[in-house]
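Here are the chains, one letter per residue:
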Amino acid sequence: MASHLELDTADHEEPTWEVRQPGPRRRFDRRARMILGAAAVAALLANAGAAWAYWRFNSPEPQDEWAAGSRVEVTLTAISDPGRPLRPGSTGNLTITVTNQHAASVQLTSIVPGPGPVIADEVHREAGCVEPRVEFTRSEFPVSWEVPRNTVGAFILNGALTMRAGGSAACQGATFTVPVRAQASRP
């Protein structure tokens with residue numbers, strides 16, 4: 001004979017109102033209010049500082065500093081064409097990246113060799129390419145490149161580099177970082 005026991009719901013379920021009884025609401029004591037107030041002031045100052053920095057570095061510069069034709073500084077990086085490595089006696093292209101951090105467009109009118117040495121990529125430097133015989137094919141390259149405000153532009157100078165004969169065999173096929181300078185002004 002099977003027995004079956006039936007319990008009333010009140011006999012086996014625990015009511016939640018007994019576990020979570022609402023009590024008096026706790027208030028923050030004076031120390032907690034001071035800490036929260038100081039944190040709020042610090043957050044306000046940090047946000048105000050960030051807003052000022054954003055405005056300072058992204059706002060248009062005064063118009064008198066940006067008269068048409070005025071010279072400006074731009075950041076340049078230049079590397080040899082990795083798809084067409086230089087060999088002794090051959091010429092190659094130079095890819096120039098121009099970073100215009102100004103609030104107006106800039107016009108580049110010439111590219112010239114910059115101060116400092118030509119540097120091979122890390123793999124070829126470790127293999128012994130410490131003084132590559134890479135140089136410009138001309139002393140100046142007239143260009144007409146415009147870079148819009150707050151952007152980066154990439155340009156190619158065809159046949160701008162050559163590798164002289166007699167260099168280290170470790171330099172063949174390397175990608176070279178080449179120092180360059182530019183004449184830049186506001187159009």
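Residues numbered from 1 in each chain as written. Predicted model: local features only at pLDDT ≥ 70, side-chain atom pairs only at ≥ 80, totals over all residues. Heavy atoms only, no water.

Caption draft 1: Geometry of the pairing of strand β7 (residues 151-163). Inspection of the sheet shows strand β2 (residues 91-100) paired to β7 by 9 bridges, in the antiparallel sense. Within β7, the position partnered with I96 by the bridge is F155. (Pairing = 2+ DSSP bridges. Helix = DSSP H or I, 4+ residues; strand = E, 2+ residues; numbered from the N terminus.)

Caption draft 2: Summary view of the state of the cysteines. What the rule picks out here adds up to 1 disulfide. Note on cysteine connectivity: C129 is disulfide-linked to C171, with sulfurs 1.9 Å apart. In this structure the cystine formed by C129 and C171 twists about its S-S bond by roughly 105°; its chirality is therefore right-handed. Note that C129 is positioned in the loop between α4 (122-126) and β5 (134-136) and C171 in the loop between β7 and β8 (176-177), a separation of 42 residues in sequence. In this structure, C129 and C171 share a single accessibility class: buried. (Disulfide = S-S within 2.5 Å. Buried < 20%, exposed > 50% of the residue type's maximum accessible area, 1.4 Å probe, protein only.)

Caption draft 3: Representation of the packing of aromatic side chains. Summed over the entire model, instances satisfying the criterion amount to 2 aromatic pairs. On the numbers, 5.9 Å between centres and 50° between planes, the contact of F136 with F141 is tilted. By relative accessible area, F141 is classed as buried at 4%. Measuring from ring centre to ring centre gives 4.4 Å for W145 and F155, while their planes differ by 5°; the resulting arrangement is stacked. Pair noted here: W145 is in strand β6 (residues 141-147) and F155 is in strand β7, with a separation of 10 residues, a long-range link. The class for W145 is buried, based on a relative accessible area of 11%. (Phe/Tyr/Trp six-rings, centres within 6.5 Å; stacked < 30°, edge-to-face > 60°.)

Caption draft 4: Region of the structure containing the sheet that holds strand β3 (residues 106-113). Read from one edge to the other, the open sheet built from 3 strands follows the order β6-β3-β9, with strand pairing classed as antiparallel. Every other strand in the sheet has two partners, leaving β6 and β9 (180-185) as the edge strands with one partner each. On average, each strand axis in the sheet is inclined to that of its neighbour by 30°, with strand direction left out of account. Here 5 bridges tie β3 to β6, and the two strands are oriented antiparallel to one another. Its bridge partner lying in β6, S110 is registered against P142. (Axes fitted to C-alpha atoms, helices over the stretch in contact; angles between N-to-C directions.)

Read these as spatial facts, not as claims about activity.
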